[in-house]
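Fold and contact review
Listed below, chain by chain, are the residues.
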Amino acid sequence: MKSPKKSPSFSIIFLGASVGVGILLGLIMSMYYNLPEIKILEEHRPNVVTKILAEDGTLITELFREKRIWVDYADIPENLKKAITDTEDHTFFHHRGIRFMSILRALIVDIRLGRIAQGGSTITQQLAKTLFLSPEKNITRKIKEA
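Note that this is a predicted model, so its numbers are computed, not measured.

**So, the overall build of the protein**
Along its length, the protein carries six helices and two strands. Along the protein, from the amino end to the carboxyl end, the secondary structure elements read α-α-β-β-α-α-α-α. A compact globule built from 146 residues would reach a C-alpha radius of gyration of about 15 Å, whereas the protein, at 24 Å, exceeds it by more than 25%. Expressed along its principal axes, the backbone C-alpha trace of the protein runs to roughly 105 × 30 × 30 Å. Residue pairs in contact within the protein that sit at least 24 positions apart in sequence constitute 35% of those at least 6 positions apart. Averaged over its 21 positive side-chain charges, the protein has a centre that lies 17 Å from the centre of its 16 negative ones.

What follows is the structure in structure tokens.
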């Protein structure tokens, strides 16, 4: 009785998939090693208003490009926190900084439209983009953002 011949197509597909996964993991790892340290967040202080005071302490003027005032998280009203998270990332308190399904949904829409039309970023990813990365829209930045 003859033994059935094994098809080389499975081996070729498996080898191709392994090489593809290896390349993808290599690209992700190379991007990971070029990221800034998260400790930078602890030292980050956004530009705030410069106040010029008279000798007696009265305000003469304020200088600023953007009028920012430092506020502790505990001092932000709960309604404002809720308004921001409901608008920008309604599941903010229920994920760990990234929502893969949102990114996948945006990717499908982008592919269907043939252009970058949606982002799918969480507030955490938006912060990473603003502080550490560039605003350019591409897959490399999205992976680094995540």
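**A look at the pattern of salt bridges**
Scanning all chains against the criterion turns up three salt bridges. For the salt bridge of Lys82 with Asp86, the shortest nitrogen-to-oxygen distance reads 3.0 Å. Note that Lys82 and Asp86 are positioned in helix H3 (residues 78-88) at a spacing of four residues, about one turn of the helix. Here Asp86 falls in the partly exposed class, since its relative accessible area comes to 41%.

**Focus on the environment of Asp56**
Along the chain, Asp56 turns up in the loop between strand E1 (50-53) and strand E2 (59-63). Sequence separation between Asp56 and Ile23 is 33 residues; the distance between their C-alpha atoms is 66 Å. Within the structure, Asp56 has its side chain in polar contact with the side chain of Thr58 (distance 2.8 Å).

**Quick look at the packing of aromatic side chains**
Taken as a whole, this structure holds one aromatic pair when the rule is applied. With a centroid separation of 5.0 Å and 80° between ring planes, the pair formed by Phe92 and Phe93 is classed as edge-to-face. We classify Phe92 as partly exposed; its relative accessible area is 27%. A cation over a ring is seen here: Lys81 above Tyr73, with NZ or CZ 3.8 Å from the ring centre.

**Brief notes about the layout of surface pockets**
If you add up the space inside the largest pocket, you get close to 1,000 Å³. Lining of the largest pocket is provided by 22 residues; of these, Tyr73, Ile76, Ile84, Ile123 and Leu127 occupy positions nearest its centre. Put simply, the parts of the chain that give the lining of the largest pocket at least two residues each are H3 and helix H5 (123-132). When the residues that make up the lining of the largest pocket are grouped by side-chain class, the tally is 14 nonpolar, four polar and four charged.

**Looking at the pairing of E1**
Note that E1 and E2 share four bridges and pair antiparallel. Its bridge partner being in E2, Leu53 is matched across the sheet by Leu59. Between E1 and E2, which follow one another and run antiparallel, lie five residues, and Gly57 among them has a positive phi close to 95°.

**Considerations on a nonpolar patch on the surface**
Together, Met101, Leu104, Leu107, Ile108 and Ile111 line one region of the surface with nonpolar side chains, adding up to about 520 Å² of accessible area. For Leu107, the position within the fold is in helix H4 (residues 100-113).

**A few points about the confidence of the model for the protein**
When the pLDDT values of the protein are averaged, the result is 79; 91% of them are 70 or greater. Across the protein, element-level confidence peaks in E2 with a mean pLDDT of 89 and bottoms out in helix H2 (residues 40-43) with 72.

Cut-offs and rules
Residues numbered from 1 in each chain as written. Predicted model: local features only at pLDDT ≥ 70, side-chain atom pairs only at ≥ 80, totals over all residues. Heavy atoms only, no water. Helix = DSSP H or I, 4+ residues; strand = E, 2+ residues; numbered from the N terminus. Rg over C-alpha atoms; globule rule 2.2 N^0.38 Å. Contact = heavy atoms within 4.5 Å. Lys, Arg positive; Asp, Glu negative; His and termini not counted. Charge placed at Lys NZ, Arg CZ, Asp CG, Glu CD. Salt bridge = Lys/Arg side-chain N within 4 Å of Asp/Glu carboxyl O. Buried < 20%, exposed > 50% of the residue type's maximum accessible area, 1.4 Å probe, protein only. Polar contact = N/O pair within 3.5 Å; in protein donor to acceptor, adjacent residues only side chain to side chain. Phe/Tyr/Trp six-rings, centres within 6.5 Å; stacked < 30°, edge-to-face > 60°. Lys NZ or Arg CZ within 6 Å of the ring centre and 35° of its normal. 1 Å grid on protein atoms, 1.4 Å probe; cavity = no way out; pocket = protein on both sides within 12 Å on 5 of 7 lines; lining within 4 Å. Points joined across faces, edges and corners; volume = space filled by probe spheres on them. Nonpolar A, V, L, I, M, F, W, Y, C, P; charged D, E, K, R; others polar. Pairing = 2+ DSSP bridges. Patch = residues over 30% accessible without salt bridge, like charges linked within 9 Å, V, L, I, M, F, W, Y side chains within 5 Å. Areas by Shrake-Rupley, 256 points an atom, 1.4 Å probe, with all protein chains shown as cover. pLDDT = per-residue confidence, 0-100.

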